[in-house]
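So you can see what is in the structure, the chains are spelled out below.
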Amino acid sequence: MSNIQITENESGKYSPDWFYNEAQIPECISLAHKADELRENFINLFGVAKLKSLSGRELLTSLFYNDEGNKTNLCYMLEMDKSLHLFGGISGGSAYKFGLFYHKKTQNWTSGSPLKPVLLTEDEAILKAKEIRDDLVKGAEIISSFGSLESLSDYERLYKQLEHISGINTVWRMKYYHLLFPTLLAPFYGQDIQLKVLHFLNQKPSDIPFIRMGQIALFIQKCNIPGIVFGHIYGKNVADLKDSDHSNTNVLSDEKHKKHYWMYTVFDDNSWNECYQKGFMVLGMDDIGDYSQYPSKEALRQELITVYDNSTSRKNQALMAWNFANTVAVNDVIFAKRSNTLVGKGIVTGGYVFDALRQEYKNVRAVKWLQVGEWAHPGNAVAKRLTDITPYTDYIEKLTAIFAPEELDDVDTQPEIDYPAYSSADFLSDVYMNEQDYKTLVNVLKLKKNIILQGAPGVGKTFTAKRLAYSIIGAKNPDRVQMIQFHQSYSYEDFIEGYRPTENGFTIKKGSFYKFCKLAEDDDENDYFFIIDEINRGNLSKIFGELFMLIEKDKRGIELQLLYSDENFSVPANVYIIGMMNTADRSLAMLDYALRRRFSFFTMKPGFNTPVFQAYQDSLKSDAFNKLIACVKQLNSKIAEDISLGEGFCIGHSYFCGLTPETANTQTLSSIVEYELIPLLKEYWFDEPAKIVDWSDRLRSAVK
């Protein structure tokens with residue numbers, strides 16, 4: 001399942017009815033009227049009839065960037081005109097993408113590519129312009145005469161008639177066709193945004209960009225709203241929920257909001273002066289254009305090799321460009337340096353922009369520079385232009401200490417982030433749990449403040465914990481949720497505080513739970529959630545120490561002296577602890593009874609019978625999947641009846657999540673049976689081989 005469910009035949013959130021209702025507010029109605037006016041003006045300037053009437057030099061200057069510098073040509077309007085940004089952006093890259101332009105440096109009409117430019121006389125340029133215009137007109141006439149487009153197969157048949165036209169899948173041509181045919185083609189042109197929207201719609205994307213426009217348009221038609229309004233609502237409500245890295249596992253991605261720390265090496269004094277005076281940071285490699293147009297680091301690397309050379313692998317440059325456009329996020333901290341001298345510290349305040357109008361360093365991120373000056377860098381500095389230093393906590397502490405915090409008392413260093421809302425309804429749509437169990441879980445946690453989610457493997461304990469926290473908070477705010485995992489080497493020194501070696505001896509370092517409690521203490525009006533995965537894998541007496549008492553509900557706020565620092569410490573009342581425990585792991589000892597009485601225990605069971613899982617099962621339309629689930633339910637009944645096992649060993653639903661109608665096939669299901677379920681049965685019934693053989697055969701038969 002994806003973490004956003006599209007319910008086309010229902011009226012739930014993100015359904016066509018929901019989008020339609022959202023579109024009835026005055027803001028959206030006004031937007032639609034404005035779009036109609038802009039589109040009418042555009043068609044008067046560049047519609048098919050107008051394009052056909054152009055010839056000679058007028059054709060050149062009306063369609064392409066030219067030597068007259070006018071801003072009413074087709075290419076400029078599509079790419080740079082701010083009013084047409086309403087219909088989606090296509091800026092970035094170079095003017096070569098249009099097939100023809102006037103090169104100001106060479107003062108020649110130019111076609112080809114950056115590596116192989118072709119210089120043209122004006123007469124040759126006119127012939128080239130006529131060729132491009134004729135293709136553009138031909139495409140529009142084919143679309144106009146095709147007839148209704150009501151299914152994916154219709155768009156595929158349309159594309160068969162268009163595929164011979166050169167450049168039919170370029171973003172500027174797709175934007176042009178959207179402006180001419182707004183109900184047939186959606187205003188999403190680049191690969192990245194098309195794939196994100198189609199993932200949101202739970203649709204398998206076509207390999208062809210033009211057809212992907214049609215796939216999105218089909219859903220918009222069901223919403224009965226203009227494509228521009230759909231894009232506006234999508235951007236306002238949904239775009240920041242994207243989860244490209246974890247789409248198959250339905251894991252909430254916090255990477256977008258987790259604060260990162262970066263070391264940025266300025267180019268020179270002039271560049272740095274502009275950066276801190278105007279409030280941004282810049283990167284070069286302008287010849288490859290807009291970094292965000294590349295779908296991966298490898299695509300960036302290949303383009304760098306193509307545009308520059310292959311004297312090096314270009315791996316570091318590709319990583320730097322990718323991070324600058326995709327990983328650096330609002331609220332990240334930037335330390336700026338020149339050689340081995342620190343020159344500033346700032347906070348990222350805006351998204352990535354490719355500014356084609358700048359003379360150089362066209363890749364820009366907005367930064368609020370909090371301090372500017374010169375400070376000695378502690379030790380040798382990294383040489384790369386942009387480096388993620390987040391993992392190096394000791395290094396960050398040294399840098400932070402250099403920029404005296406007392407100087408920042410009057411500065412807002414934490415820009416407000418509008419985190420996506422997350423309600424109990426969102427929880428119930430994500431997690432296979434019924435509403436009554438959810439209410440019970442929330443009430444028990446609020447009453448006790450400490451809870452352990454226990455259950456067999458695959459019942460979704462880890463999956464549930466963070467979503468439980470977010471549903472209580474009301475938003476996906478990772479600043480108020482922290483997750484750690486216990487293991488046999490985890491200690492009090494990691495959890496609370498302990499001595500750690502430094503260059504000059506030893507110093508006391510604070511642990512994860514100590515730091516989290518201090519954050520919560522400074523924000524006592526809001527709830528904070530500390531999540532401990534595999535809580536019974538650690539030596540709990542050793543890890544918790546004197547906190548055995550402090551975590552109790554009625555002991556919150558009471559101070560005790562810590563072991564190493566002689567500091568008085570308490571656990572704030574607004575901190576909730578959620579632990580997870582695997583009940584089927586026989587290698588783990590039972591929880592310490594002193595700790596056990598300080599936690600409530602909530603047993604999570606397989607969610608096969610919950611409405612959300614059943615809806616997911618129905619959506620797969622797979623007989624083999626249905627038979628396998630029925631067999632697993634029978635198997636769970638036997639496991640629950642087994643005196644040596646019991647309900648805590650039942651097989652959970654997580655083994656079967658993340659499938660689509662395309663992937664829920666015999667091959668996939670057989671792999672789950674052979675490599676996940678049968679090995680588990682061999683562990684359960686290691687001393688009863690007859691049961692292993694019997695149930696292995698039943699599971700295999702279910703998926704044949």
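Remember, predicted model here, so these are calculated numbers, not experimental data. (Residues numbered from 1 in each chain as written. Predicted model: local features only at pLDDT ≥ 70, side-chain atom pairs only at ≥ 80, totals over all residues. Heavy atoms only, no water.)

Student: Is there a simple way to explain the nonpolar core in this structure?
Tutor: Across soluble globular proteins, nonpolar side chains have a tendency to be buried as a group. Grouped together as the largest cluster of nonpolar side chains are 84 residues, with contacts concentrated most on Phe-19, Tyr-176, Tyr-177 and Phe-230. With ten residues, helix H6 (residues 122-146) is the single largest residue contributor to this core. Apart from residues lying up to four places away in sequence, Tyr-176 is in contact with Phe-42, Phe-46, Gly-47, Val-48, Leu-51, Leu-74, Leu-78 and Leu-136. With 35 residues, the next largest nonpolar core counts Ile-639, Cys-650, Ile-651 and Tyr-684 among its residues. (Core = buried A, V, L, I, M, F, W, Y, C linked by side-chain atoms within 4.5 Å. Buried < 20%, exposed > 50% of the residue type's maximum accessible area, 1.4 Å probe, protein only. Helix = DSSP H or I, 4+ residues; strand = E, 2+ residues; numbered from the N terminus. Contact = heavy atoms within 4.5 Å.)

Student: Please explain the packing of H6 against helix H7 (residues 152-162) as it appears in this structure.
Tutor: Packed helix pairs are characterised by how far apart their axes lie and by the angle those axes make with each other. Closest axis-to-axis distance for the H6/H7 pair is 10 Å, and the angle between their directions is 145 degrees. In the packing of H6 onto H7, the handedness of the crossing is right-handed. Across the interface between the two elements, Gly-139, Ile-142, Ile-143 and Phe-146 from H6 touch Asp-154, Arg-157, Leu-158, Gln-161 and Leu-162 from H7. Here the residues of the contact of H6 with H7 are counted per class, giving five nonpolar, two polar and two charged. (Axes fitted to C-alpha atoms, helices over the stretch in contact; angles between N-to-C directions. Left-handed = near helix turned anticlockwise from the far one by under 90°. Nonpolar A, V, L, I, M, F, W, Y, C, P; charged D, E, K, R; others polar.)

Student: Even after reading the chapter, I still don't get the environment of Leu-283, so can you show me in this structure?
Tutor: In this fold, Leu-283 is placed in strand S5 (residues 280-283). Classification of Leu-283 as buried rests on a relative accessible area of 1%. Distance from Leu-283 to Asn-504, taken between C-alpha atoms, is 38 Å for residues 221 residues apart in sequence. Residues in contact with Leu-283, not counting those within four places in the same chain, are Tyr-264, Phe-267, Tyr-291, Met-320, Phe-324, Tyr-361, Lys-362, Asn-363 and Arg-385.

Student: Quick question: what am I supposed to make of the sheet that holds strand S1 (residues 101-103) here?
Tutor: Paired through their backbone hydrogen bonds, the strands of a sheet run either parallel or antiparallel. The three strands are arranged S1-S2-S3 in an open sheet whose pairing can be described as antiparallel. At either margin of the open sheet sits one strand with a lone partner, and together these are S1 and strand S3 (117-120). On average, adjacent strands in this sheet sit at an angle of 50 degrees to one another, irrespective of strand direction. Across the sheet, H6 touches strand S2 (108-112) and S3, and the angle it forms with S3 is around 115 degrees. (Pairing = 2+ DSSP bridges.)

Student: For this particular structure, what's the right way to read the confidence of the model for the protein chain?
Tutor: Parts of the prediction with low pLDDT should not have their coordinates interpreted in detail. Counting all residues, the mean pLDDT for the protein chain is 84, and 90% of those residues have values of 70 or more. The secondary structure element of the protein chain with the lowest average pLDDT is helix H23 (residues 593-596), at 70, and the one with the highest is helix H3 (residues 48-53), at 95. Note on residues 1-5: pLDDT is under 50 here. Beyond four places in sequence and across chains, it has 25 contacts. Low pLDDT, under 50, characterises residues 405-416; the predicted model gives this stretch 16 contacts beyond four residues in sequence or across chains. (pLDDT = per-residue confidence, 0-100.)

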